[in-house]
Amino acid sequence: SFVNFGTPTVNQSNSGFRPVVLSSATHSVTIGPQVKVTGQDTLTVGYGYFQSSYSGGEGSYDSHGLTVTWQRLISTNLILRAYVAGSMVKQDFGNALGATNPGVSTEARTNYVPTGGLSLSWSSRSTTVSANYSTGIYPSYQTSQGPLYSQVVGVAANHKMTDNFGGLVTANYARNESVGRNGGSGIFFDSYA
């Protein structure tokens, strides 16, 4: 995936200006087996690789992770999913423009981050309602390059009114912070959607 916010109107190299938003290219892959343990239980084990590079000499990071997911069919209408994961995040922002000492090579930093989540979904013939909590690693596109550790709480409701028409309502809250605070100033913010 690619996220591009365009060219800043001020020349960064002459003014020291850093953009409020950062363009990046992200590559990811996940692979692993899924096993039906019982009629109600499914177990999935997955390896994931994620790499994000920032444009304009802003550096890059990558992560390797292992996730174990358990899904339980509580009833024909109710599904519980839980997963635990661990990620190794390697950041390389030593030569980045926004680093503490820009243009000076520093050793890449590695952080180990636990992640996980829990969701409960109820569905009928025309309606699905779900609630979830998750933690994960996501790229930062705002003020400071690098990975963000995000904790997200959300709810969603989907209702099919006719065969060709339906509605979806979602709400979530996320708490986000820089991982390892390597290169530039770390960031911390809450978001609502």
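Residues numbered from 1 in each chain as written. Predicted model: local features only at pLDDT ≥ 70, side-chain atom pairs only at ≥ 80, totals over all residues. Heavy atoms only, no water.

**Q** Mind showing me how you'd approach the overall build of the protein chain here?
**A** Within the protein chain one finds one helix and eleven strands. N-terminal to C-terminal, the α/β element order of the protein chain is β-α-β-β-β-β-β-β-β-β-β-β. Buried residues in the protein chain amount to 32% of all 193 residues. A separation threshold of at least 6 residues defines the contact pool for the protein chain, and within that pool the share at least 24 residues apart is 48%. By element, 58% of the accessible surface of the protein chain is carried by carbon and sulfur atoms, the whole surface being about 11,600 Å². (Helix = DSSP H or I, 4+ residues; strand = E, 2+ residues; numbered from the N terminus. Buried < 20%, exposed > 50% of the residue type's maximum accessible area, 1.4 Å probe, protein only. Contact = heavy atoms within 4.5 Å. Areas by Shrake-Rupley, 256 points an atom, 1.4 Å probe, with all protein chains shown as cover.)

**Q** Just to check I follow, could you spell out the environment of Tyr54 for this structure?
**A** By secondary structure assignment, the location of Tyr54 is in strand 4 (residues 41-54). For the pair Tyr54 and Gln145, spaced 91 residues apart in sequence, the C-alpha separation works out to 7.1 Å.

**Q** Quick question: what am I supposed to make of the packing of aromatic side chains here?
**A** Inspection of the entire model under this criterion finds two aromatic pairs. Ring geometry for Phe50 and Tyr61: centres 6.0 Å apart, planes at 35°, overall tilted. Pair noted here: Phe50 is in strand 4 and Tyr61 is in strand 5 (residues 60-73), with a separation of eleven residues, a long-range link. Across this residue pair, the class does not change: Phe50 and Tyr61 are buried. With a centroid separation of 5.2 Å and an interplanar angle of 45°, the aromatic rings of Tyr173 and Tyr192 are classed as tilted. Within this pair, whereas Tyr173 is found in strand 10 (residues 166-178), its partner Tyr192 is found in strand 11 (residues 188-192), the two being separated by 19 residues in sequence. By relative accessible area, which is 27% here, Tyr173 ends up partly exposed. (Phe/Tyr/Trp six-rings, centres within 6.5 Å; stacked < 30°, edge-to-face > 60°.)

**Q** Could you clarify how one ought to interpret a nonpolar patch on the surface in this entry?
**A** On the surface, a nonpolar cluster with roughly 860 Å² of combined accessible area is contributed by Ile31, Val35, Val37, Leu43, Val45, Tyr47, Leu66, Val68, Trp70 and Val84. Of all the elements in the fold, those that place two or more residues in the nonpolar patch are strand 4 and strand 5. Within the fold, Tyr47 resides in strand 4. Using a relative accessible area of 35% as the deciding quantity, one classes Tyr47 as partly exposed. (Patch = residues over 30% accessible without salt bridge, like charges linked within 9 Å, V, L, I, M, F, W, Y side chains within 5 Å. Salt bridge = Lys/Arg side-chain N within 4 Å of Asp/Glu carboxyl O.)

**Q** I'm lost on the pairing of strand 10 in this one. Help?
**A** For a regular strand, side-chain orientation follows a simple rule: the groups alternate between the two sheet faces. Pairing analysis gives 13 bridges linking strand 9 (residues 147-160) to strand 10, with the strands arranged antiparallel. What sits directly across from His159, in strand 10, is Gly167. One ladder, built from five bridges, connects strand 10 with strand 11; its direction is antiparallel. By the bridge assignment for strand 11, Arg175 is matched with Asp190. (Pairing = 2+ DSSP bridges.)

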